[in-house]
Amino acid sequence: MASPGSPVRAPDHIKSLLSRLHEESEKQEASITPDQYAPVINLYKQDPVAGSKALDELMRDKFIALEKDKADFVYQMIVSSGAKYVVEAGTSFGVSTIYLALGVAEVEKMTGGMGKVIGTEKERTKAEKARGYWRECGEEVESRIELREGDLVSTLASNLETVDLLLLDIWPPVALPALKAVLPKLRPGALVLTDNTIQAEHRYQELLSVLRDPKGDFRSSTLPFKGGFEVSVYVPRSR
Ligand SMILES: C[S@@+](CC[C@H](N)C(=O)[O-])C[C@H]1O[C@@H](n2cnc3c(N)ncnc32)[C@H](O)[C@@H]1O
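The present account deals with the structure reproduced in this document. Being a predicted model, the structure only gives us computed values, none of them experimental.

### Let's talk about the side chain of glutamate 108
And then number 1: Following the sequence through the fold, glutamate 108 ends up in helix 5 (residues 95–111).
And then number 2: Leave out the neighbours within four places in its chain, and glutamate 108 touches Lys84, Gly113, Met114, Gly115 and Arg144.

Okay, structure coming up:
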């Protein structure tokens, strides 16, 4: 979904960095050949755990950043909903995390208090790179992010405050475990945003059966961004 400009309020050096990182990410993704990707997806269908490992290998040196229009949209969701405590499942080189931190900074300016973004990444080399980019952004971004390194099933299992927004940009087999880890801390009315829910619908089946269950605790819409983007609102039936 194209948009004429960016809604993101940020100093010029951050905007330039984001443009450069999106460009690099797109170039990398375009360079992945069907010969590299197809076997991974096929393996996924037979064995999601082995498929995840193969995907780790293929993507270890890749950004696979959220596209710019989706990242802009996530920023808008944070600012409009006043989200101050945000969790990201899947941080990679930390591009989307910059948008999350900028959104939270905007909310702080409007409502006061301190916000926080919890990032999660299991690859040490990716975490290091992400930290470098956040340093380049400066205090406004760096100071608001707490990166939890390791498998998010463990790193999100404790020490969470009430969560206003959860971004699921993660390999499909970990998506539902990530939601389950955060669920006890999810504030009623919180947003859960999930990337790629049209293109990878069958791989996100377990997660989507929860988010789209008409008798469940989420109200969900699928937006027509590239590959699909799910916006789910947590509306628990029993409180
Ligand atoms: C799609 S990328 C995230 C991209 C990032 N949100 C962005 O827009 O820049 C997903 C990331 O999740 C990480 N990941 C996969 N399984 C994980 C797990 N169990 N715990 C933590 N991170 C994981 C991968 O290493 C990968 O870097």
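### Brief notes about the site of the ligand
And then number 1: Near the ligand lie 20 residues; those nearest to it are Leu66, Gly90, Ser96, Glu121 and Asp169.
And then number 2: Burial of the ligand by the protein chains amounts to 96% of its free accessible area of 610 Å².
And then number 3: Residue composition of the shell around the ligand, by class: eight nonpolar, five polar and seven charged.

### So, the pattern of salt bridges
When the charged atoms of two side chains with opposite charge come close together, those side chains can pair.
And then number 1: Applying the stated criterion across every chain, the model contains 22 salt bridges.
And then number 2: When salt bridges with common partners are traced through the structure, they connect Arg9, Glu106, Lys109 and Glu140 into a single cluster.

### Some details on helix 1 (residues 12–31)
And then number 1: With 20 residues, helix 1 extends 29 Å from end C-alpha to end C-alpha; this agrees with the ideal 28 Å at 1.5 Å per step.
And then number 2: Three or more residues of helix 1 are buried, namely Ile14, Leu17, Leu18, Leu21, His22 and Ser25. The buried side chains of helix 1 occupy one side of the element, clustering within an arc of 135° when seen end-on. Residues Asp12, Glu26, Lys27 and Ala30 are exposed on helix 1 and point more than 90 degrees away from its buried face.

### Looking at the side chain of serine 96
And then number 1: Within the secondary structure, serine 96 sits in helix 5.
And then number 2: One polar contact links serine 96 to glutamate 88, side chain to side chain, over a distance of 2.4 Å.
And then number 3: The contact partners of serine 96, leaving out residues within four places of it in the chain, are Leu66, Glu88 and Leu167.

### Notes on the packing of aromatic side chains
And then number 1: Summed over the entire model, instances satisfying the criterion amount to six aromatic pairs.
And then number 2: Positioned above the aromatic ring of phenylalanine 93, the side-chain terminus of lysine 129 is 5.0 Å from the ring centre.
And then number 3: Stacked on the ring of tyrosine 44, the Lys or Arg arginine 203 has its end atom at 5.5 Å from the ring centre.

### Considerations on the pairing of strand 7 (residues 229–234)
And then number 1: Burial within strand 7 is extensive, with five of its six residues counted as buried.
And then number 2: Here strand 5 (residues 186–195) pairs with strand 7 via five bridges, running antiparallel. By the bridge assignment, aspartate 195 is partnered in strand 7 with phenylalanine 229.
And then number 3: As paired strands, strand 6 (residues 218–223) and strand 7 are joined by six bridges and run antiparallel to one another. Bridged to serine 220 within strand 7 is serine 232.

Thresholds, definitions, all that
- Residues numbered from 1 in each chain as written.
- Predicted model: local features only at pLDDT ≥ 70, side-chain atom pairs only at ≥ 80, totals over all residues.
- Heavy atoms only, no water.
- Helix = DSSP H or I, 4+ residues; strand = E, 2+ residues; numbered from the N terminus.
- Contact = heavy atoms within 4.5 Å.
- Near = heavy atom within 4 Å.
- Areas by Shrake-Rupley, 256 points an atom, 1.4 Å probe, with all protein chains shown as cover.
- Nonpolar A, V, L, I, M, F, W, Y, C, P; charged D, E, K, R; others polar.
- Salt bridge = Lys/Arg side-chain N within 4 Å of Asp/Glu carboxyl O.
- Expected span 1.5 Å × (residues − 1).
- Buried < 20%, exposed > 50% of the residue type's maximum accessible area, 1.4 Å probe, protein only.
- Arc of directions from axis to C-beta.
- Polar contact = N/O pair within 3.5 Å; in protein donor to acceptor, adjacent residues only side chain to side chain.
- Phe/Tyr/Trp six-rings, centres within 6.5 Å; stacked < 30°, edge-to-face > 60°.
- Lys NZ or Arg CZ within 6 Å of the ring centre and 35° of its normal.
- Pairing = 2+ DSSP bridges.

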